[in-house]
There are 2 protein chains.
Amino acid sequence: MKESLEIDKQLVALIKEDNEQAVKELLEELHPADIAELLQDLDDDEAKYVVAHLDAEIAADTLMELDEDDRHRLLEDMPNKDIAKHFVEHLDTDDAVDLIQELDKEDQEEVLSHVDDVEQAGSIIDLMQYPEDTAGGLMGKEMIVVNENWSMPECVKRMREQAEDMDEIFYVYVVDDDKKLRGILPLKMLITNPSASKIKHIMEPDPISVKADEPLDEVVLTFEKYDLPVMPVVDSIGRLVGRITFDDVMDEAREQTERDYQMASGLSTDVETSDNIWEQTKARLPWLLIGMLGGIANSWLLGNFSGDVLKNAAIALFIPLIGGTGGNVGIQSSAIVVQGLANGSLDIKSALPQIVKELILAIINASIISLLVFTYNLFFGPDFKISVAVSASLFSVIVFAAVFGAIVPLMLERLKIDPAIATGPFITITNDIIGMMIYMMVCMALLY
Amino acid sequence: MKESLEIDKQLVALIKEDNEQAVKELLEELHPADIAELLQDLDDDEAKYVVAHLDAEIAADTLMELDEDDRHRLLEDMPNKDIAKHFVEHLDTDDAVDLIQELDKEDQEEVLSHVDDVEQAGSIIDLMQYPEDTAGGLMGKEMIVVNENWSMPECVKRMREQAEDMDEIFYVYVVDDDKKLRGILPLKMLITNPSASKIKHIMEPDPISVKADEPLDEVVLTFEKYDLPVMPVVDSIGRLVGRITFDDVMDEAREQTERDYQMASGLSTDVETSDNIWEQTKARLPWLLIGMLGGIANSWLLGNFSGDVLKNAAIALFIPLIGGTGGNVGIQSSAIVVQGLANGSLDIKSALPQIVKELILAIINASIISLLVFTYNLFFGPDFKISVAVSASLFSVIVFAAVFGAIVPLMLERLKIDPAIATGPFITITNDIIGMMIYMMVCMALLY
């Protein structure tokens, strides 16, 4: 959409003229995702005007392509009945659930009471029972289901009926008389295998599925592992209850990795460049305050427990080197553990070997770095004793920071706390304080 | 696969007994991704034994599910002819290209010369021309293509022929006589629309596609935006040249975000917890050495330009606070810019407003933090002058670090360098040095 700026101007002009027909024609060819992008640049009244003049299906899909904030602004003054008629009734059940769950509790029931299609309303209510962070919370009810005992021609007839109000179909799910998932029928088979035999003899048996109560991060890993565009969801006794599509999983995967990256960078809530100053401050200040407390604690400890060490100005010169190196090492080892836990390549069961590996790595890195710094100090640094103290401290700080950085996320994972919280400021601050304590103790031991 | 440990033991036992039949039966029901997981726990000879006894299609898919290192170990002593016959001939063209490009240059041609299917070999050679980081580098040639002038029954007949050696089909692509992409035909239409009219009257026209030379990060954003499981790829004049599937895009998206996260954490190459000590050292040591050089430079600058400031031990106490806060602020502002650029929510054109926003945010955060620290120092800190110097320095360091952290990635993006390189150690080190210089200058100005 290189021409989006142009369309944008044209659109605003047409809205001003109240030229309904031209607005419709301009947007007719566009994908809802593109219309949503255009809406972001319009003011509230213009955006509402556009949505009101879209085809109902497109309007509903466009609404769901918007950011939650923008969606909220569009729906704010809209009666609950209109939300039901204009949007909910035209959405797939998984999107409908997302939309309804963004509303206030009292509005939710009212909106649902205005949904005429009883089957759809029932599905939405069913889906709302599942926790948002499970497979059930991501699934929808739109799918084509056939019985294993049907014949192929009967099946095609039933499929035609079910397919009418679905956007896309990639698989047909096969269940037995107890509604238990038995197999899948790739649509390809309709082309290559138009036989008259029973479905159960043609279907691919034992399909890969996820349990409704499976946590979302595992669902993401399952999708990535098996490369399926849609996956069936079953309940605890194997009955087919819904399906999850790859696009929702892709969004979830990006959110997860972005969350990890943000936590590592000291951003405490989900924040974007487009958020306003207040939201940005809320996301950033907490970690900065924790960092500040850490820094103050560090100055207090240094002031009270370093004895006369800091009277020697040459010792202070190396505070940034030692603090910075400890921070860098800690971030590296925690990041690699957090990422391994997130993408499934590291198992909590292999915690001990991982820590041992970090220890060996740390000793190698610590030896190289403390030797290099020692060599530099021999030629350009302060007296010999301080040079020894600096390198001995560096060595200890690197080894401590590496092992600590690996242990903390592993411990959090075992306690079922998101290990990503361990990276970034938390590790840096702790390492800073411990690093200074080590440096001061080594200096006291060697110099006084 | 909760029982994978059990299967693992069973498998090793069966291999020892050389019980071919039982090995085959044990693995028959498994997905290639699951077999690949089992292979990771076997030694080289056992893994080779298993692969040799798998059905050819499954063996080839299993090979491509392995890590590059594991795949390399399996193929190491294999004659090029066998690589062609056992694996390449059974792979989709995009996977075949990946496999061949991992081989040495001289082996590549020899393997290709052993591929009997001339059409497949030709497709592979075509695909190898595209740079790996473009849409062309990710696409495959397996797709069903029909002419817009065919009738539906004719189309179904041709589709049947083409579909035979394809795993899955979700869309049929419609081209004109010049091979230009004109539309798509969702498979759903085969069920709901078995008419006799020409394809061009039934197809969905103007399908969303990507250009073959489009960079991969844009391809990922296009997939996420339009939620399609497969996207057609066209050349510069609109001719259909291939297709990209969502699973390859999901892998690419994860790699991209992991790469950003790793760079932010000071890990310089693609590294995993399972990599050996040497690979891990290679990934970590470079940034630690750069950090070390930064620390040494800092100590040198402090030693030569701070005059008598550090003779006052109370001033040294606040070095960790000022250095740490600058680092935290810089990481926050650079991370949010890097992420915005990566997920498309921030545009390089809005660089100036973004920098102004960072400036305002920084002034808010800087005021709060320097006031809090000043209050603390009034009661518990050293003398009044030093308290003023510390808070004035903190204020300046926060504002500088925030703006600098936003400017650097934006500048890199404009220079077409990956902005992720700006986060993490680079920002921390620069902020550390500048922070100390600011602190020393403020102290000199206020105290001497």
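Values in this document were obtained by computation on a predicted structure and should not be read as measured data. Residue positions are given per chain, counting from 1 as you read along its sequence in written order. Think of it this way: whatever chain is written first is A, whatever ligand is written first is 1, and the rest follow in order. Thresholds applied to this predicted model are a pLDDT of at least 70 for local features of residues and 80 or more for the giving and counting of side-chain atom pairs; totals over whole chains, interfaces and linings are not thresholded and use all residues. For side-chain calculations, the full set of non-hydrogen atoms in the structure is used, while hydrogens and water are omitted.

**Section: the pattern of salt bridges**
Residue and element names in this part refer to chain A. Our working definition: Salt bridge, as used here, is a side-chain nitrogen of Lys or Arg placed within 4 Å of a carboxyl oxygen of Asp or Glu. Note on conventions: DSSP H or I runs of at least 4 residues are helices, E runs of at least 2 residues are strands, and numbering of each starts at the N terminus. Using a 1.4 Å probe on the protein chains alone, a residue whose accessible area is under 20% of its type maximum counts as buried, one over 50% counts as exposed, and one in between counts as partly exposed.
Applying the stated rule across the entire model yields 36 salt bridges over all chains. Between Arg-73 and Asp-44 there is a salt bridge; the shortest N-O distance is 2.1 Å. Of this pair, Arg-73 sits in helix H6 (residues 68-75) while Asp-44 is found in helix H4 (residues 44-52), placing the two residues 29 residues apart along the sequence. Judged by its relative accessible area of 31%, Arg-73 falls in the partly exposed class. By relative accessible area, Asp-44 is classed as partly exposed at 28%. As a salt-bridge pair, Arg-158 and Glu-154 come within 3.8 Å of each other at their nearest N and O atoms. Of this pair, Arg-158 and Glu-154 both sit in helix H12 (residues 152-163), separated by 4 residues, roughly a single helical turn. Salt bridges here are not isolated pairs; linked through shared partners, they connect Asp-92, Asp-94, Glu-142 and Arg-243.

**Brief notes about the relation of the copies chain B and chain A**
What counts is decided by this rule: The superposition of copies rests on a least-squares fit of C-alpha positions from residues with pLDDT of 70 or more in both. Note on contacts: a residue pair qualifies if any of its non-hydrogen atoms lie within 4.5 Å across the two residues.
Once chain B is rotated about the relating axis by 180 degrees and shifted along it by 0.0 Å, it coincides with chain A to within an RMSD of 0.1 Å. In short, the pair behaves as if placed about a two-fold rotation axis. Comparing interface residues between copies, 100% of those in chain B also sit at the interface in chain A, which points to an isologous, same-surface contact.

**Section: helix H9 (residues 105-113) of chain A**
All names here are of chain A. As a reminder of what qualifies: The directions considered for the arc are those from the helix axis to the C-beta atoms.
What H9 keeps buried is the set Gln-108, Val-111 and Leu-112. Taken around the axis of H9, the buried residues stretch over an arc of 95 degrees, which confines them to a single face. Among the exposed residues of H9, those oriented more than 90 degrees off its buried face are Glu-106, Glu-109 and Ser-113. Packing partners of the buried residues in H9 comprise helix H7 (80-87), helix H8 (93-101) and helix H10 (118-128).

**Here's the deal with the sheet that holds strand S5 (residues 210-211) of chain B**
Residues and elements named next belong to chain B. Our working rule: By definition, two strands form a pair when at least two bridges between them are found by DSSP.
With mixed pairing, the 3 strands of this open sheet are ordered in space as S5-S6-S7. Unpaired on one side and paired on the other, S5 and strand S7 (240-245) mark the two borders of the sheet. Inspection of the sheet shows strand S6 (residues 230-234) paired to S7 by 5 bridges, in the antiparallel sense. Residue Val-230 lies in a different strand from S7, and its bridge partner there is Thr-245.

**A few points about helix H15 (residues 216-226) of chain B**
For H15 of chain B, a buried count of 8 out of 11 residues is recorded, marking the element as mostly surrounded by other parts of the structure. Listed as buried for H15 of chain B are Leu-216, Val-219, Val-220, Thr-222, Phe-223, Glu-224, Lys-225 and Tyr-226 of chain B.

**A few points about the packing of helix H19 (residues 319-343) of chain B against helix H21 (residues 384-414) of chain B**
Residue and element names in this part refer to chain B. Where we set the bar: Angles here are taken between N-to-C directions and fall from 0 to 180 degrees, while the axes themselves are lines fitted to C-alpha atoms, restricted in helices to the stretch in contact. Should an angle fall under 35 degrees it is taken as roughly parallel, and over 145 as roughly antiparallel, whereas 65 to 115 is taken as roughly perpendicular and any remaining angle as oblique. A crossing counts as left-handed when the near helix is turned anticlockwise from the far one by less than a right angle, and as right-handed when that turn is clockwise. Note on residue classes: Ala, Val, Leu, Ile, Met, Phe, Trp, Tyr, Cys and Pro are nonpolar, Asp, Glu, Lys and Arg are charged, and everything else, Gly too, is polar.
One can describe the packing of H19 onto H21 by two numbers: an axis separation of 8 Å at closest approach and a directional angle of 25 degrees. Between H19 and H21, the angle falls in the class roughly parallel. For the crossing formed where H19 meets H21, the hand is right-handed. For the pair H19 and H21, contact is made by Leu-321, Ile-322, Thr-325, Gly-326, Val-329, Gly-330, Ser-333, Ser-334, Val-337, Val-338 and Leu-341 and by Val-390, Ser-393, Leu-394, Val-397, Ile-398, Ala-401, Ala-402, Gly-405, Ala-406, Pro-409, Leu-410 and Glu-413, respectively. Partitioned by chemical class, the residues of the contact of H19 with H21 number 15 nonpolar, 7 polar and 1 charged.

**Observations concerning the sheet that holds strand S3 (residues 181-186) of chain A**
All names here are of chain A. Read across the open sheet, the 4 strands follow the order S1-S2-S3-S4; overall the sheet is mixed. Of all strands in the sheet, those with a lone pairing partner are strand S1 (144-147) and strand S4 (204-205), marking the two edges. Relative to S4, S3 runs antiparallel, the two sharing 2 bridges. From the neighbouring strand, Gly-183 faces S4, where its bridge partner is Pro-205.

**A short note on unusual backbone geometry**
All names here are of chain A. Unusually for a residue other than glycine, Asp-206 sits at a positive phi of about 50 degrees. Mapped onto the elements, Asp-206 comes out in the loop between S4 and strand S5 (210-211). Asp-206 sits in the exposed class, given a relative accessible area of 60%. One non-glycine residue with positive phi stands out, namely Lys-416, at about 60 degrees. Here Lys-416 lies in the loop between helix H21 (384-414) and helix H22 (425-447).

**Regarding the interface of chain B and chain A**
Put simply, the test is: Summed over both partners, the accessible area (1.4 Å probe) lost when two parts come together is defined as the buried area. Think of a polar contact as two N or O atoms within 3.5 Å of one another; within protein, one of them needs to be a possible hydrogen donor and the other a possible acceptor, and neighboring residues in sequence only count if both atoms come from side chains.
Between chain B and chain A, the residue contacts involve 110 residues of the former and 111 residues of the latter. Of the roughly 10,000 Å² buried between chain B and chain A, counting both surfaces, carbon and sulfur atoms make up 64%. At the junction of chain B with chain A, the criterion picks out 8 salt bridges. For the salt bridge of Glu-358 of chain A with Arg-284 of chain B, the shortest nitrogen-to-oxygen distance reads 2.7 Å. Linking chain B with chain A are 20 residue pairs in polar contact (both at pLDDT 80 or more), by the criterion used here. A total of 17 residues in the side of chain B that touches chain A trace back to one element, the largest contributor, which is helix H17 (residues 277-305) of chain B. In the side of chain B that touches chain A, the residues fall into 61 nonpolar, 25 polar and 24 charged.

**Observations concerning the pairing of strand S6 (residues 230-234) of chain A**
Residues and elements named next belong to chain A. Most of S6 sits out of view: 5 of its 5 residues are buried. Where burial is concerned, the two faces of S6 agree: the one with Val-230, Pro-232 and Val-234 and the one with Met-231 and Val-233 are both buried. Sheet topology note: the S5/S6 ladder contains 2 bridges and is parallel. Within S6, the residue paired with Val-210 across the bridge is Val-233. Taking the residues between adjacent antiparallel strands as the criterion, S6 and strand S7 (residues 240-245) are bridged by 5 residues, where Gly-238 takes a positive phi near 90 degrees.

**A look at the environment of His-31 of chain A**
With respect to the element layout, His-31 of chain A can be found in the loop between helix H2 (20-28) and helix H3 (32-40). A residue is classified by how much of its surface remains accessible, and His-31 of chain A, at 22% relative accessible area, is partly exposed. Remark: the alpha-carbon pair of His-31 of chain A and Asp-92 of chain A, spanning 61 residues in sequence, is separated by 17 Å. Leaving out residues up to four positions away in the same chain, His-31 of chain A has contacts with Ile-208, Lys-225 and Tyr-226 of chain B. At 2.9 Å, the side chain of His-31 of chain A and the backbone nitrogen of Ala-33 of chain A are in polar contact.

**Concerning the side chain of Arg-243 of chain A**
Residue and element names in this part refer to chain A. Considering the arrangement of structural elements, one finds Arg-243 in strand S7. The class for Arg-243 is buried, based on a relative accessible area of 5%. A polar side-chain atom of Arg-243 sits 2.8 Å from the main-chain carbonyl oxygen of Glu-142. Sequence-distant contacts of Arg-243, defined by excluding residues within four places in its chain, comprise Asp-92, Asp-94, Met-139, Gly-140, Glu-142, Met-143, Tyr-173, Val-230, Met-231, Pro-232 and Val-233.

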